[in-house]
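# Commentary on secondary and tertiary structure
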Amino acid sequence: MPLCQGTNVEFFRQRDCGERTLHREAASNNEAMAMILLQNLLIQVDEQLDRVSQEKNLLLIHNLKRIRKLLQGKYHGNPMHIAVIISNCLREERRILAAASMPVQGPLEKSLQNSVVSERQRNVEHKVSAIKNSAQMTDQDVKYLEDLQEEFDFRYKTIQSLEQSDKNSALIKQEMLALQAMLNTLDYKRKEVLSKIGRVIHEIDMLMSNMLTEELLDWKRRQQIACIGGPLHGGLDQLQNCFTLLAESLFQVRRQLEKLDELLTRLTYDGDPIPVQRPQLLEKVNFLLYNLFRNSFVVERQPCMPTHPQRPMVLKTLIQFTVKLRLLIKLPELNYQIRVKATIDKNVSTVRIQHYNAIRVRKCNVLHSNRRFVLCGTHVKAMNMDESANGSLSVEFRHLQPKEMKSSAGSKGNEGPHMVTEELHSISFETQVCLYGLTINLETSSLPVVMISNVSQLPNAWASIIWYNLSTNDPQNLSFFNNPPAATLSQLLEVLSWQFSSYVGRGLNSEQLNMLAEKLMGQQVSYNDYQLSWAKFCKEHLPGKSFTFWVWLEAILDLIKKHILPLWIDGYVMGFVSKEKERILLKDKTPGTFLLRFSESNLGGITFTWVDQLENGEVTFHSVEPYNKGRLAALPFADILRDYKVIMADNVPENPLKYLYPDIPKDKAFGKHYSCQPNEVSKPSDGGVKGYVPSVFIPVSKILNDSTDPHSPSDLLPMSPSVYAVLREHLSPTVIETAVRCKHFHS
């Protein structure tokens, strides 16, 4: 049941306020905030319960009571868990909203949602249902065969108990003929049952070998794509239903074969098909069960640090991470009976760089590093059906910590051509299933993870995760970065858009993506068939710059997330536009029209450019020096746009920003994001020995006659909100602008 069914949890939903979204997502790694939001949710559930109680809506009353009990019982002791769940839901909501505004789907998303895949899913479900029905019908045939054999056995023993003289009577001879006919029928029925069992086994074998395997591989591929920001993957519950029904059918067939063996011990004859066919059929059933169980052991949620829910598979030493596994065969007999053990780098060998052998690396998983890790914390847990909301047979490790072991050679880190953030590691999970006389060893592994020791390594580590999961569906190619393949530019651009939709709530449109393509490849007629190398994406500096493309893009993501999120979500930041393109866009616009773009020369910088017109009709453009996170931490960007002033020659200071491109009045676009309204007058504080009037900072630039660009906007002139508001109310604009030029203000 959905947690919020029938309730009003508006405070957990992202609408037009980006700051509230930040707080909600912050709760996923802040236990105190998560507890506050959980309490608020419980309060709202109580309010809704009171309302529906008055309306006497019995169904909603029942549901709300169950929801409240679930929230209190399951999440009260671990509020960050529900915060992570809701954060993921918000992320998917933002991705859906962002995707709805995009004109077309990208090639990757199209490949995951084609009609062929949907048709195959329906065919799998239909075939599984048909197999289950066939197995049940065969049960009836086995029961009929058992009844027929009992009747034959009774009548045969009755004749055997007669005296020899009685056996020669005509009546007994007639009975013997009837028994022979009955034996012929038994033989026919035995062959028929064995044939039906064989057909069921064959259908299961074909389904597992073809469509079900493809479905599972498709789900794993969708999981890879979801981990790097793509559409959240679904379908695991449907797969669980298929796996469970097939396992039940196979165990049912196994019981039928055991019943045939029991019938065999009571009656056999020359040409009996049971001793010939049954062993082969039983061997095939056991083989299919082994394979079915091994394929059903999956990593439902890949390793992820709760502090960075949108950067899965990047793990920091001595920081806890979570990972969830599921057994897709959901049988009550297995509840709390399967204990899972987690290890790291279990199936790889570690070699020193100087003994590197390229041929060997291509043939096996070689951990190309001196770094070794162990997992600390609870690394053995039992699978159960009680912890998951949908009742699946699963286990979640929540307190694992990777710890780096000291190198026996006395060195740390990587001595070869790879960076630490290009080393891939694997977390393995193993268990054993003992059921109905079968013992099955199960093992699975996470997708490759990158281990970091400092949070500064996170951006490049995340780039490695993106590149790996974009480029390959191999779940365990730990030597991938020995020779990383190139990526199709169109697919890479789609993934880059996902970074924005999942991380900051709004993806990139085609114009923004074209600018990124130009940044990577230069101006081309078409980018569809271009291949981009890993080095060009993440290792080589941009032309004339001291940083790579990825570092530049990651700095922009960080800037949006921390300083301009509401403006970005509203779509008012054009962002990715070149200087040449912005002039083309602005040249025919009304003077004072401006647009916001990210700096191409400064990391994590945003600037604005406006168009102006001289007295002789000449069009000019002005771009302010980019604002970085240091300046934006002191003054909100929306307030900068509202209060920005320019001093040109001997003119009075004025705000040149009038219309956001194409023609949106500035206050209409950004008014709701201003930290305070101009007519709000602050009063002196009552605290401390003296009361102080808080000051505000007004960004001012000076444009010289021989320059088209304003000076640095770092000249922030302090003025109290009280004085500024009173000036706007009582003085003319000319007098105010003259006052702004002064270098000293008294409060």
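Residues numbered from 1 in each chain as written. Predicted model: local features only at pLDDT ≥ 70, side-chain atom pairs only at ≥ 80, totals over all residues. Heavy atoms only, no water.

## A short note on the overall build of the chain
Along the backbone of the chain there are 22 helices and 22 strands. When burial is assessed residue by residue, the chain has 48% of its 747 residues classed as buried. In the chain, the share of contacts with a sequence separation of at least 24, taken over all contacts with a separation of at least 6, comes to 71%. Total accessible area on the chain stands at roughly 36,000 Å², and carbon and sulfur atoms take up 52% of it. (Helix = DSSP H or I, 4+ residues; strand = E, 2+ residues; numbered from the N terminus. Buried < 20%, exposed > 50% of the residue type's maximum accessible area, 1.4 Å probe, protein only. Contact = heavy atoms within 4.5 Å. Areas by Shrake-Rupley, 256 points an atom, 1.4 Å probe, with all protein chains shown as cover.)

## Some thoughts on the nonpolar core
Counting residues in hydrophobic clusters, the biggest one holds 163 residues, and the most contacted among them are Phe293, Leu516, Phe537, Phe576, Phe608 and Phe637. Not counting residues within four places of it along the chain, the set of residues in contact with Phe537 comprises Ala463, Trp467, Leu492, Leu496, Leu532, Phe549 and Trp550. Among the nonpolar cores identified, the runner-up in size contains 14 residues, and Leu38, Leu42, Tyr75 and Leu90 belong to it. (Core = buried A, V, L, I, M, F, W, Y, C linked by side-chain atoms within 4.5 Å.)

## As for the sheet that holds strand β9 (residues 393-405)
With respect to topology, four strands assemble into an open sheet ordered β1-β3-β9-β7, the strand pairing being antiparallel. Two strands lie at the open edges of the sheet, namely β1 (297-304) and β7 (372-376), each paired on one side alone. Pairwise comparison of adjacent strand axes, ignoring direction, gives a mean angle of 30° for this sheet. As judged from the six bridges shared by strand β3 (residues 321-327) and β9, these two strands associate in the antiparallel manner. Of the residues in β9, the one forming a bridge with Leu325 is Val395. (Pairing = 2+ DSSP bridges. Axes fitted to C-alpha atoms, helices over the stretch in contact; angles between N-to-C directions.)

## A closer look at the packing of helix α8 (residues 170-227) against helix α9 (residues 236-266)
Between α8 and α9, whose axes approach to 11 Å, the crossing angle comes to 160°. Between α8 and α9, the angle falls in the class roughly antiparallel. Taken as a pair, α8 and α9 cross one another with a handedness that is left-handed. Classifying every residue of the contact of α8 with α9 gives 22 nonpolar, two polar and two charged. (Parallel < 35°, antiparallel > 145°, perpendicular 65-115°, else oblique. Left-handed = near helix turned anticlockwise from the far one by under 90°. Nonpolar A, V, L, I, M, F, W, Y, C, P; charged D, E, K, R; others polar.)

## Comments concerning the pairing of strand β16 (residues 606-613)
With respect to burial, β16 is a largely interior element, six of its eight residues being buried. By the bridge criterion, five bridges tie strand β15 (residues 593-598) to β16 in an arrangement that is antiparallel. The residue bridging Phe598 from the neighbouring strand is Ile606, located in β16. Bridge analysis of β16 against strand β17 (residues 619-623) gives five bridges, and the strand direction is antiparallel. Among the inter-strand pairings, Val611 is bridged to a residue of β17, identified as Phe621.

## Concerning helix α12 (residues 458-471)
Here α12 is 14 residues long and its end C-alpha atoms lie 20 Å apart, about the 20 Å a rise of 1.5 Å per residue gives. Counting buried positions along α12 gives 11 out of 14 residues, so the element sits mostly inside the fold. Looking at α12, one finds that the buried residues are Leu458, Ala461, Trp462, Ala463, Ser464, Ile465, Ile466, Trp467, Tyr468, Asn469 and Leu470. (Expected span 1.5 Å × (residues − 1).)

## Remarks on the environment of Leu553
Positionally, Leu553 belongs in helix α16 (residues 549-569). C-alpha separation for the pair Leu553 and Leu603, spaced 50 residues apart in sequence, amounts to 8.4 Å.

## Quick look at the environment of Thr317
As for its position among the elements, Thr317 is in the loop between β2 (314-316) and β3. Residue Thr317 is classed as buried on the basis of its relative accessible area, which comes to 12%. Spatially, the C-alpha atoms of Thr317 and Lys403 are 5.3 Å apart, while their sequence positions differ by 86 residues. Beyond its immediate chain neighbours, meaning those up to four positions away, Thr317 contacts Phe373, Pro402, Glu404, Ile452 and Ser453.

## Some remarks on the packing of aromatic side chains
Per the stated rule, a full pass over the model turns up 26 aromatic pairs. Between Phe500 and Trp568, the ring centres sit 5.5 Å apart and the planes meet at 40°, which makes this aromatic pair tilted. Of this pair, Phe500 sits in helix α13 (residues 489-504) while Trp568 sits in helix α16, placing them 68 residues apart in sequence. Residue Phe500 is classed as buried on the basis of its relative accessible area of 0%. Here the basic side chain of Lys561 rests over the ring of Tyr503, its NZ or CZ set 4.8 Å away from the ring centre. Lying across the ring of Tyr674, Arg642 places its NZ or CZ 5.1 Å from the centre. (Phe/Tyr/Trp six-rings, centres within 6.5 Å; stacked < 30°, edge-to-face > 60°. Lys NZ or Arg CZ within 6 Å of the ring centre and 35° of its normal.)

## Focus: the pattern of salt bridges
Two side chains of opposite charge can pair, provided their charged atoms sit close to one another. One pass over the structure, following the stated rule, counts 32 salt bridges. One continuous salt-bridge network, built from bridges that share partners, spans Asp237, Glu300, Lys324 and Arg326. (Salt bridge = Lys/Arg side-chain N within 4 Å of Asp/Glu carboxyl O.)

## Structural notes on unusual backbone geometry
Cis geometry is found at the peptide bond from Tyr661 to Pro662, where omega equals 5°. Structurally, the position occupied by Pro662 is in the loop between β19 (659-660) and β20 (664-665). A positive phi angle, close to 70°, is found at Met313, a residue other than glycine. Locating Met313 in the fold gives a position in the loop between β1 and β2. One non-glycine residue with positive phi stands out, namely Tyr436, at about 55°. Within the secondary structure, Tyr436 is located in the loop between β10 (427-435) and β11 (438-445).

## Concerning the sheet that holds β16
Strand order in this open sheet of five strands is β17-β16-β15-β19-β20, and the pairing throughout is mixed. Edge strands, defined here as strands with exactly one partner in the open sheet, are β17 and β20. Together, β15, β16 and β17 form the strand contacts of helix α17 (residues 579-586), whose direction differs from that of β15 by roughly 160°.

## Examining the packing of α12 against α13
What describes two packed helices is the angle between their axes and the distance between those same axes. Across the interface, α12 lies against α13 with an axial gap of 11 Å and an inter-helix angle of 135°. Relative to α13, the element α12 is oriented oblique. Crossing hand, α12 versus α13: right-handed. Contact residues: Trp462, Ile466, Trp467 and Leu470 in α12; Gln491, Leu492, Val495 and Gln499 in α13. Class assignment for the residues of the contact of α12 with α13 results in six nonpolar, two polar and no charged.

## Some details on the side chain of Ser388
Locating Ser388 in the fold gives a position in the loop between β8 (380-382) and β9. Separated by 3.2 Å, the side chains of Ser388 and Lys324 make a polar contact. For Ser388, the side chain forms a polar contact with the side chain of Ser394, separated by 2.5 Å. Residues within four places of Ser388 in sequence aside, it is in contact with Lys74, Lys324 and Ser394. (Polar contact = N/O pair within 3.5 Å; in protein donor to acceptor, adjacent residues only side chain to side chain.)

## Here we look at the confidence of the model for the chain
On average, residues of the chain score 80 in pLDDT, and 76% of them are at 70 or above. The low-confidence segment residues 350-364 (pLDDT under 50) makes 24 contacts with residues lying over four places distant or belonging to another chain. (pLDDT = per-residue confidence, 0-100.)

## Describing α13
Taking 1.5 Å per residue, 16 residues should reach 22 Å; α13 reaches 22 Å between its end C-alpha atoms and fits that length. In terms of residue burial, α13 counts as a mostly covered element, since 14 of its 16 residues are buried. Backbone geometry just after α13 places Gly505 at a positive phi near 85°.

## Considering the side chain of Asn286
With respect to the helices, strands and loops of the structure, Asn286 is situated in helix α10 (residues 274-296). Only 2.8 Å separates the side chain of Asn286 from the side chain of Arg254, close enough to count as a polar contact. Among residues more than four places away in sequence, those in contact with Asn286 are Arg254 and Leu438.

## Quick word on the environment of Tyr627
Residue placement: Tyr627 occurs in the loop between β17 and α18 (629-634). Classification of Tyr627 by relative accessible area gives buried; the value is 1%. Residues Tyr627 and Phe637 lie 10 residues apart in sequence; the distance between their C-alpha atoms is 8.6 Å.

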